[in-house]
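Coordinate inspection notes
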Amino acid sequence: MKLMTPQELEAALRDIGARRYHRLHPFHTLLHGGECSKCQVQAWALNRYYYQAMIPIKDASLIARCDDQATRREWRSRLADHDGERDGEGGIARWLKLTDGLGLDRDYVTSLQGLLPATRFAVEAYVHFVAEKTLLEAVASSLTELFSPAIIGERIEGMLKNYDFVTAETMAYFSARPPQAKRDSEFALDYVKQNAKTPEQQALALKALAFKCDVLWVMLDALYYAYVSPGHISAGAFAPA
């Protein structure tokens, strides 16, 4: 692999998203197109909660390993975005408004009792990846945020249009995310372009982004297998009444 220019590296990263981002997954086609039952939407929101709840844990571990003050200062905003500055604020709180609005018991959601095993394994693999890989790889793995505005737009429009049990209030998590994702992804992309200085480092950055795409994809594979087809729900996982 030859050394790419920063512009070529960015193009290669964006190509991974164009081919592998979970916007392309069949479950999202069903979800955004109004073809999911309420129970299937509930299962998606419940399982995705674990990912949302672990984002600050992942980001805190990245900050703890970062010896650059400016980068730590920039990355701290992600903790505030998800944890909020006080109870009832932040992305996790907004996600719980979504699960509340879908009729899920909040204590049940936060207990994690209803998770699919694959959800737990995928999320924890991502947290361990960020904690154990190089800082460059950890930052690069966050670059799925480059592609999130498109899927969020599709989700808000499709779910409000197609589900009478979804409201703008319950979708508040998504309406708040695009400007945050834009800020975060621009910083992370600039970091990767500046710090991937060798062909080997560039290859690691590309592999890290592909890994993160795989994490998001396999979570949807599990949902599809359990709640769409063939419908094999793991023992102990959330089951429609």
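None of these values were measured; they are calculated from a predicted model.

Parameters and conventions
Residues numbered from 1 in each chain as written. Predicted model: local features only at pLDDT ≥ 70, side-chain atom pairs only at ≥ 80, totals over all residues. Heavy atoms only, no water. Phe/Tyr/Trp six-rings, centres within 6.5 Å; stacked < 30°, edge-to-face > 60°. Helix = DSSP H or I, 4+ residues; strand = E, 2+ residues; numbered from the N terminus. Buried < 20%, exposed > 50% of the residue type's maximum accessible area, 1.4 Å probe, protein only. Polar contact = N/O pair within 3.5 Å; in protein donor to acceptor, adjacent residues only side chain to side chain. Contact = heavy atoms within 4.5 Å. Expected span 1.5 Å × (residues − 1). Bend = angle between axes of the 7 residues up to and from the residue. Core = buried A, V, L, I, M, F, W, Y, C linked by side-chain atoms within 4.5 Å. Arc of directions from axis to C-beta.

Some words on the packing of aromatic side chains
- Considering all chains together, one arrives at eleven aromatic pairs under this definition.
- A centroid spacing of 5.2 Å and a plane angle of 80° characterise the contact between Trp 95 and Tyr 173, whose relative ring orientation is edge-to-face. In this pair, Trp 95 sits in helix 5 (residues 91-101) while Tyr 173 sits in helix 10 (residues 172-195), placing the two residues 78 residues apart along the sequence. As far as burial versus exposure is concerned, Trp 95 and Tyr 173 are alike and both buried.
- A ring pair is formed by Phe 129 and Phe 211, whose centres lie 4.4 Å apart and whose planes are at 15°; its orientation type is stacked.

Quick notes on the side chain of Glu 145
- Note on placement: Glu 145 falls in the loop between helix 8 (135-141) and helix 9 (148-162).
- Glu 145 gets classed as buried once you look at its relative accessible area, which sits at 14%.
- A polar atom in the side chain of Glu 145 sits 2.7 Å from the side chain of Arg 177.
- With near-sequence residues (within four places) excluded, Glu 145 lies in contact with Arg 78, Arg 177, Ala 181, Asp 184 and Ser 185.

Focus: the environment of Arg 78
- By secondary structure assignment, the location of Arg 78 is in helix 4 (residues 69-83).
- As a C-alpha pair, Arg 78 and Ala 60 span 18 residues in sequence and 9.1 Å in three-dimensional space.
- Setting aside residues up to four positions removed in sequence, Arg 78 forms contacts with Asp 59, Ser 142, Glu 145, Asp 184, Ser 185 and Ala 188.
- Of the polar contacts made by the side chain of Arg 78, one reaches the side chain of Glu 145; its length is 3.3 Å.

A closer look at helix 10
- The end-to-end C-alpha distance of helix 10, which contains 24 residues, comes to 35 Å, matching closely the 34 Å that a straight helix rising 1.5 Å per residue would cover.
- For helix 10, the principal kink sits at Pro 178 and spans about 35°.
- For helix 10, the set of buried residues is Ala 172, Tyr 173, Phe 174, Arg 177, Gln 180, Ala 181, Asp 184, Ser 185, Ala 188, Leu 189, Tyr 191 and Val 192.

Concerning the nonpolar core
- Val 41, Trp 44 and Val 192 are the most contacted members of the largest nonpolar core, which totals 78 residues.
- In terms of residue count, helix 11 (residues 199-227) provides more of this core than any other element does, 14 residues in total.
- Ignoring sequence-local partners within four residues, the contact set of Trp 44 consists of Phe 27, His 28, Leu 31, Trp 95, Leu 98, Arg 155, Met 159, Phe 174, Leu 220 and Leu 223.

Regarding helix 7 (residues 117-132)
- Given a rise of 1.5 Å per residue, 16 residues ought to cover 22 Å, and the 22 Å separating the end C-alpha atoms of helix 7 matches this to within 8%.
- Within helix 7 the residues assigned to the buried category are Thr 119, Ala 122, Val 123, Tyr 126, Val 127, Phe 129 and Val 130. Here the buried residues of helix 7 occupy an arc of 155° about the axis, which is enough to place them on one side. Helix 7 presents Phe 121 and Glu 132 as exposed residues on the side facing more than 90 degrees away from its buried surface.
- Residues of helix 7 that are buried make contact with helix 3 (38-64), helix 8 and helix 11.

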